[in-house]
Amino acid sequence: MKILTAEQLSEADKRTIERQNITSEELMERAATLVFNEIHNRLNGAPIPIKVFCGIGNNGGDGLVIARHLIQHGYHVTIYVVNYSDKRSDDFLANYEKLKSITNDWPQLIKGEDNFPEINTGDFVIDAMFGIGLNRPIEGWVAKLVGLINDSKAFTLAIDMPSGLFSDKVPGNDAAVIEADFTLSFQAPKLVFFLPETMDYVGDLQILDIGLDREFLAEIKAPIHLIEKVEAASLYKPRKTNSHKGDYGHVLIVGGSYGKIGSVLLTATAALKTGSGLCSLYIPECGYNIVQTGLPEAMVLTDKDSEQLTTYPEDFEADVVCFGMGAGTSQKTVGALEDLLNSVKEPVVIDADGLNILSNNKKLLDLLPKDSVLTPHPGELKRLIGEWQDDFDKLEKAKDFSKKYDVVLVIKGAHSFTIKGDEIYVNNSGNPGMATAGSGDVLSGVITSLLGQSYEPLSAAILGVYLHGRSGDFAASELGYESVLAGDIAQNIGKAVKDLFQSEMKDSERN
Ligand SMILES: NC(=O)C1=CN([C@@H]2O[C@H](COP(=O)(O)OP(=O)(O)OC[C@H]3O[C@@H](n4cnc5c(N)ncnc54)[C@H](OP(=O)(O)O)[C@@H]3O)[C@@H](O)[C@H]2O)[C@@H](O)CC1
Ligand SMILES: [K+]
């Protein structure tokens, strides 16, 4: 799914009105009615106090439409118009008139702190103050109102965007932004919903297809994509009936050191679970018995050093090589990576200490084969590309790095970002249970395995990140977040692959 900017969405809005020959008021009615349906499906008539805070633009207009439908369905609704300006939009005014015809409880005008209502923990707050039209920070008494809503701990549903959140920049420190529990957003996700600095404002997210012009949406050039099941499934290559293990790649996992042999074991397990035909490991001698016992399906070669890697077996023929997990950063191991990069011509996967070695020895970056995949977590990324000012700056620096060295970067996080040149792919699978030791080692194994199975490096990274997240979802649903171990993620990769082609059943379709 394309992630769009506020400008692109406004343009899609205009084109839809032209091409579908509807008014903007009709489009607002359509969008806001979908929101009402979602609320009604969940509340099911519950008599809880609903407080709708409307701005004076079209986000506020949406709020008025939602409130009208709620009132007509018997809900207990109080509407507040947050009068941060006297410049009402046409569609706001039209819906204000409609509201007057169905209720005598007119909206209450908030012009300052004196008009603030009481907001209780048990209230249901609908935030329709600002949407994609926000163009400067919220200030003064409106900022105080945002604080009041946040402090109330009332369940807060944001319409389109949490008010105060920009679609294209990070709010400053102490900025007033609604901390939503749930955001229902129109047509396309916005990048800020997924960035570490801004995602917490959004709460749970649902995108509503409000029927904007398909042709225009298909034509829009968007370099940022959200990766969900359909996108991941489109990358998957089915196995052929008439095939043998030689068709699915021979991966070589290079890493480990004394006390950190478990890491390579996890990576190799994940590679085999993702379907590699053959898996070999190159590790220090101390890991030999551990790996042969822990993973009998793998083959093991050992370095002459018993505790660390010192060289690379250059005559070894593998389809893809992965380097770094548990390797340490000793000078001898730097030499091992240099040997590897001097002998391998195909894209490699570099993770963990492999990345730290690259950061400390920047000249090695020039030896990386084109389209190699680097999988840093934010700390490793900082060492690679330097400090950034905010998440937008981070993405710019990451794109520059990807272009300079011609590599695919996977920035790991709650939503991992895969970057190649100017293209960004935001992953939407996974859960907090995956924040556990060894989770990254498993991811490297999945991506390496896909590369070995002839996936293009970018596809291997995007699909690998998605499958890893989905495996974690299966592990968490069985075990609970706290009990997910990295090995559990590896064990569930098969389920994640099968799930690519299982359609979600909506609650309404069950039974
Ligand atoms: N696109 C679509 O497909 C559809 C969009 N729809 C809905 O429209 C929403 C966008 O509506 P919108 O353009 O009227 O802007 P909105 O967010 O209501 O802001 C209102 C005005 O506030 C002002 N302002 C800005 N910052 C400020 C500040 N800090 N403090 C004070 N004032 C400030 C600024 O005006 P200014 O003062 O700059 O002239 C701005 O114009 C969108 O999010 C969605 O909910 C759906 O109905 C249908 C389909
Ligand atoms: K809002």
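The rules behind each value
- Residues numbered from 1 in each chain as written.
- Chains lettered and ligands numbered in written order.
- Predicted model: local features only at pLDDT ≥ 70, side-chain atom pairs only at ≥ 80, totals over all residues.
- Heavy atoms only, no water.
- UniProt positions renumbered as here; feature names shortened; annotations may be inferred.
- Axes fitted to C-alpha atoms, helices over the stretch in contact; angles between N-to-C directions.
- Helix = DSSP H or I, 4+ residues; strand = E, 2+ residues; numbered from the N terminus.
- Parallel < 35°, antiparallel > 145°, perpendicular 65-115°, else oblique.
- Left-handed = near helix turned anticlockwise from the far one by under 90°.
- Contact = heavy atoms within 4.5 Å.
- Donors = N, O, S within 2.8 Å, 3.2 Å for Na, K, Ca; no water.
- Buried < 20%, exposed > 50% of the residue type's maximum accessible area, 1.4 Å probe, protein only.
- Near = heavy atom within 4 Å.
- Polar contact = N/O pair within 3.5 Å; in protein donor to acceptor, adjacent residues only side chain to side chain.
- Areas by Shrake-Rupley, 256 points an atom, 1.4 Å probe, with all protein chains shown as cover.
- Nonpolar A, V, L, I, M, F, W, Y, C, P; charged D, E, K, R; others polar.
- Expected span 1.5 Å × (residues − 1).
- pLDDT = per-residue confidence, 0-100.
- Domains from an automatic or database assignment.
- Buried area = accessible area lost by both parts, 1.4 Å probe.
- Salt bridge = Lys/Arg side-chain N within 4 Å of Asp/Glu carboxyl O.
- Pairing = 2+ DSSP bridges.
- Phe/Tyr/Trp six-rings, centres within 6.5 Å; stacked < 30°, edge-to-face > 60°.
- Lys NZ or Arg CZ within 6 Å of the ring centre and 35° of its normal.

The chain goes by Bifunctional NAD(P)H-hydrate repair enzyme in an unreviewed UniProt entry, where it is assigned to Christiangramia gaetbulicola. Recorded under Subunit (unreviewed entry), the UniProt text for the chain is reproduced unchanged: "Homotetramer."

## Side note on the packing of helix α8 (residues 261–273) against helix α14 (residues 439–452)
In a packed pair of helices, the relevant descriptors are the angle between the two axes and the axis-to-axis distance. Interhelical geometry of α8 versus α14 gives an angle of 40° and a closest axis separation of 7 Å. On the basis of their axis angle, the class for α8 and α14 is oblique. Between α8 and α14 the crossing geometry is right-handed. Across the interface between the two elements, Ser-263, Leu-266, Thr-267, Ala-270 and Ala-271 from α8 touch Asp-441, Val-442, Ser-444, Gly-445, Val-446 and Ser-449 from α14.

## Some words on the coordination of the potassium ion (ligand 2)
Each donor-metal-donor angle would ideally measure 109.5 degrees in four-coordinate tetrahedral geometry, or 90 or 180 degrees in six-coordinate octahedral geometry. Each protein donor to the potassium ion (ligand 2) is listed here as Asn-59 (OD1), Asp-127 (O), Phe-130 (O), Ile-159 (O) and Met-161 (O); together their distances run 2.6 to 3.0 Å. We note that the donor set of the potassium ion (ligand 2) lies within a single chain, spaced as N-x67-D-x2-F-x28-I-x1-M. Of the two residues, Ile-159 and Met-161, both sit in the buried class.

## So, the UniProt feature "domain: YjeF C-terminal" (unreviewed entry) in the chain
Sites flagged by UniProt as "domain: YjeF C-terminal" (unreviewed entry) map to residues 228–500. Between the end C-alpha atoms of residues 228–500 the distance is 10 Å, and the span holds 44% helix and 13% strand.

## Quick notes on the environment of Leu-374
Inspection of the secondary structure assignment puts Leu-374 in strand β14 (residues 373–374). As a C-alpha pair, Leu-374 and Val-349 span 25 residues in sequence and 5.9 Å in three-dimensional space.

## So, the site of ligand 1
Neighbouring ligand 1 are 23 residues, the closest being Asp-62, Lys-87, Gly-131, Arg-136 and Asp-160. At 2.9 Å from an oxygen atom of ligand 1 is found a main-chain nitrogen or oxygen belonging to Gly-133. One of the backbone nitrogen or oxygen atoms of Pro-137 is found 3.1 Å away from a nitrogen atom of ligand 1. About the coverage of ligand 1: the protein hides 83% of its 930 Å² of free accessible area. It is helix α3 (residues 58–72) that provides the largest number of residues to the shell around ligand 1, a total of 3 residues. Taken together, the residues that form the shell around ligand 1 break down as 12 nonpolar, 6 polar and 5 charged.

## Digging into helix α5 (residues 140–152)
Given 3.6 residues per turn, any residue in an α-helix points the same way as the ones three and four places further on. The terminal C-alpha atoms of α5 lie 19 Å apart, and with 13 residues this matches the ideal 18 Å at 1.5 Å per residue to within 8%. Those residues of α5 that are buried lie in contact with β1 (49–54), β2 (76–82), β3 (108–110), β4 (124–128) and β5 (155–159). Lys-153 lies just past α5 and shows a positive phi near 60°.

## Side note on the confidence of the model for the chain
Taken residue by residue, the chain gives an average pLDDT of 96. The fraction at 70 or more is 99%. With pLDDT under 50 throughout, residues 507–511 is counted as low confidence; its partners more than four residues away or in other chains account for 2 contacts.

## Some points on the side chain of Thr-269
By secondary structure assignment, the location of Thr-269 is in helix α8. Accessibility expressed as a relative area gives 17% for Thr-269, which makes it buried.

## Considerations on the domain arrangement of the chain
Partitioning the chain into domains gives domain 1 (6–222) and domain 2 (232–499). In this structure, domain 1 and domain 2 have C-alpha centres spaced 42 Å apart. Facing the 11 residues of domain 1 at the interface are 11 residues of domain 2. Both sides together, the interface formed by domain 1 and domain 2 hides about 910 Å², and carbon and sulfur atoms give 74% of it. The three residues of domain 1 that bury the most area against domain 2 are Leu-191, Phe-194 and Leu-195, which together make up 50% of that side's buried surface. Our count for the domain 1 to domain 2 interface comes out at 0 salt bridges. Counting the contacts that link domain 1 with domain 2 gives 1 residue pair in polar contact (both at pLDDT 80 or more). Split by residue class, the side of domain 1 that touches domain 2 holds 7 nonpolar, 1 polar and 3 charged.

## Digging into the sheet that holds strand β16 (residues 417–420)
Across the sheet, which stays open at both edges, the 10 strands sit in the order β8-β17-β16-β15-β14-β13-β12-β9-β10-β11 with mixed pairing between neighbours. Where the open sheet ends on each side, the last strands, each with one partner, are β8 (224–227) and β11 (299–302). Relative to strand β10 (residues 278–283), strand β9 (residues 250–254) runs parallel, the two sharing 5 bridges. By the bridge assignment, Leu-252 is partnered in β10 with Ser-280. On top of the sheet, helix α10 (residues 331–343) reaches β9, β12 (320–323) and β13 (349–350); it is set at about 160° to β12, its chief contact.

## Quick look at the packing of aromatic side chains
Across all of its chains, the model carries 8 aromatic pairs by this definition. The interplanar angle of 20° and the centroid separation of 4.2 Å between the aromatic rings of Tyr-84 and Phe-130 together place this pair among those described as stacked. Taken together, the positions of Tyr-84 in the loop between β2 and α4 (90–100) and Phe-130 in the loop between β4 and α5 put the pair 46 residues apart, joining distant regions of the chain. When its relative accessible area of 28% is taken as the criterion, Tyr-84 is described as partly exposed. Take Phe-130: its relative accessible area is 14%, and that puts it in the buried class. The ring of Tyr-455 has Lys-237 lying over it, and the distance from NZ or CZ to the ring centre is 5.0 Å. Over the aromatic face of Trp-388 sits the side chain of Lys-382, whose NZ or CZ is 4.8 Å from the ring centroid.

## Points about the pattern of salt bridges
Between side chains of opposite charge, pairing is possible as soon as their charged atoms come close. Using the criterion set out here, one finds 22 salt bridges in the structure. When the shortest N-O distance is used, the salt bridge between Glu-29 and Lys-98 registers 4.0 Å. One end of the pair, Glu-29, is in helix α2 (residues 24–43); the other, Lys-98, is in helix α4, with 69 residues separating them in the sequence. Two residues, Asp-371 and Lys-420, come together in a salt bridge whose shortest N-O distance is 3.6 Å. Here Lys-420 lies in strand β16 and Asp-371 lies in the loop between α11 (353–360) and β14, a separation of 49 residues in the sequence. What makes Asp-371 buried here is its relative accessible area of 15%. For Lys-420, a relative accessible area of 27% translates into the label partly exposed. Within this structure, Glu-25, Glu-29, Arg-68 and Lys-98 form a network of salt bridges that share partners.

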